[in-house]
Amino acid sequence: MDCKVLAVLSCIGIVACSHPEAYTNRQQLYNDLMHKYEKNVLPNSGNGNGVNVTLDIMIRRIIGMNNHILTLDAFIPIHWRADNLKWKPDKVGGIKMIDMPSEIVWKPDLAYVEGEGKTVFIKSEGANVIISSDGRVFWDAPVQTKTFCKHGELHNGDEIDCHLTFYSWVHSSATLDLKLVADQMDTSSLDVAFNPHWKLVSTHAKVTNKTYRHCPGTYPLATFTLRLRYVA
Ligand SMILES: *[C@@H]1O[C@H](CO)[C@@H](O)[C@H](O)[C@H]1NC(C)=O
Ligand SMILES: *[C@@H]1O[C@H](CO)[C@@H](O)[C@H](O)[C@H]1NC(C)=O
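Residues numbered from 1 in each chain as written. Chains lettered and ligands numbered in written order. Predicted model: local features only at pLDDT ≥ 70, side-chain atom pairs only at ≥ 80, totals over all residues. Heavy atoms only, no water.

Taken together, Ser173, Asp177, Val207, Asn209 and Thr218 make up the full set of residues adjacent to ligand 2. Contact between ligand 2 and Ser173: an oxygen atom at 3.4 Å from a side-chain N or O atom of the residue. Within the side chain of Asn209, one N or O atom sits 2.4 Å away from an oxygen atom of ligand 2. A total of 360 Å² of accessible area belongs to ligand 2 in isolation, and the protein chains cover 46% of it. Counted by class, the shell around ligand 2 contains 1 nonpolar, 3 polar and 1 charged residues. (Near = heavy atom within 4 Å. Polar contact = N/O pair within 3.5 Å; in protein donor to acceptor, adjacent residues only side chain to side chain. Areas by Shrake-Rupley, 256 points an atom, 1.4 Å probe, with all protein chains shown as cover. Nonpolar A, V, L, I, M, F, W, Y, C, P; charged D, E, K, R; others polar.)

What follows concerns a nonpolar patch on the surface. Residues Phe121, Trp169 and Val170 make up a contiguous nonpolar surface patch of about 310 Å² in total accessible area. Following the sequence through the fold, Phe121 ends up in strand S6 (residues 118–121). Judged by relative accessible area, which is 33%, Phe121 ranks as partly exposed. (Patch = residues over 30% accessible without salt bridge, like charges linked within 9 Å, V, L, I, M, F, W, Y side chains within 5 Å. Salt bridge = Lys/Arg side-chain N within 4 Å of Asp/Glu carboxyl O. Helix = DSSP H or I, 4+ residues; strand = E, 2+ residues; numbered from the N terminus. Buried < 20%, exposed > 50% of the residue type's maximum accessible area, 1.4 Å probe, protein only.)

Turning next to the site of ligand 1. Neighbouring residues of ligand 1: Ser45, Asn47, Gly48, Gly50, Asn52 and Lys179. Ser45 places a polar main-chain atom, nitrogen or oxygen, 3.0 Å from an oxygen atom of ligand 1. Lys179 places a side-chain nitrogen or oxygen 3.1 Å from an oxygen atom of ligand 1. Against a free-state accessible area of 360 Å², the protein chains account for coverage of 54% of ligand 1. Classifying every residue of the shell around ligand 1 by side-chain character gives no nonpolar, 5 polar and 1 charged.

Another point: the pattern of salt bridges. For the structure shown, the criterion picks out 7 salt bridges. The partner of Lys86 in a salt bridge is Asp83, with the nearest N and O atoms 3.7 Å apart. One salt bridge connects Lys118 with Glu114, and the closest N-O pair in it is separated by 3.9 Å. By relative accessible area, which is 16% here, Glu114 ends up buried.

Turning to the packing of aromatic side chains, a few remarks are in order. Here the structure, examined in full by the defined rule, presents 8 aromatic pairs. Arranged with centres 5.3 Å apart and planes meeting at 45°, the rings of Tyr112 and Phe166 form a pair that is tilted. With Tyr112 in strand S5 (residues 110–114) and Phe166 in strand S9 (residues 159–168), this pair connects stretches of sequence that are 54 residues apart. For Tyr112, a relative accessible area of 3% corresponds to the buried category. Summarising the aromatic geometry, the rings of Phe121 and Trp169 are spaced 5.5 Å apart at their centres and angled 75° between planes, so their arrangement reads as edge-to-face. Remark: Trp169 occurs in the loop between S9 and strand S10 (176–180) and Phe121 occurs in strand S6; sequence separation between them is 48 residues. (Phe/Tyr/Trp six-rings, centres within 6.5 Å; stacked < 30°, edge-to-face > 60°.)

Given below as structure tokens:
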């Protein structure tokens, strides 16, 4: 298409304000990445035969505590590296990032315990993943967690600890190791005014390796702890 015609069309909103090659490049990149890609197979990342999966919890709201069950609104930003999703930007018009539906790429089988023992898998229908040319995949799963918190009768000023634990359902640390972004949760987006009865005092995050009697290897658990103060 003539450049001037294109400029006119884009001014009146018929053509998106990008070069037509951009679409062609993205399509080329998509085809290159997805050709022979198998989302059901755990990728290798970098220097090992497996992946390091790094996670964080970004708390947005403390919804409330009901019958010892703490409900939180949160995002779980998770990232890892996949050698089968790398590309050279200069081969595709300089594209360094692409987004794709999370359903079509491999994702870690992360689960957590809800309430008094129900296993819940992290899913995110609709949330795209972002992939960078070095193979890093960024997935930000919105979740509403329901966590069991042990406490006695609550009085004004009481502090209680609640623990959220994430783990891979099948993988040991040899194939899927868990890492943390920080040793605390991300509270930068917390709406502190949302629930005046619960004040977040502090958070803590750590990874521990667990062993099971009949399984070889160690299994990583990422545990996030919230200390909350009750305000009557
Ligand atoms: C995972 O990270 C550790 C360092 O924390 C590194 O030694 C190891 O090679 C990484 N594994 C993979 C598969 O990249
Ligand atoms: C858990 O074990 C894996 C593999 O043995 C090791 O790479 C990792 O650093 C360990 N993690 C912790 C928190 O000890």
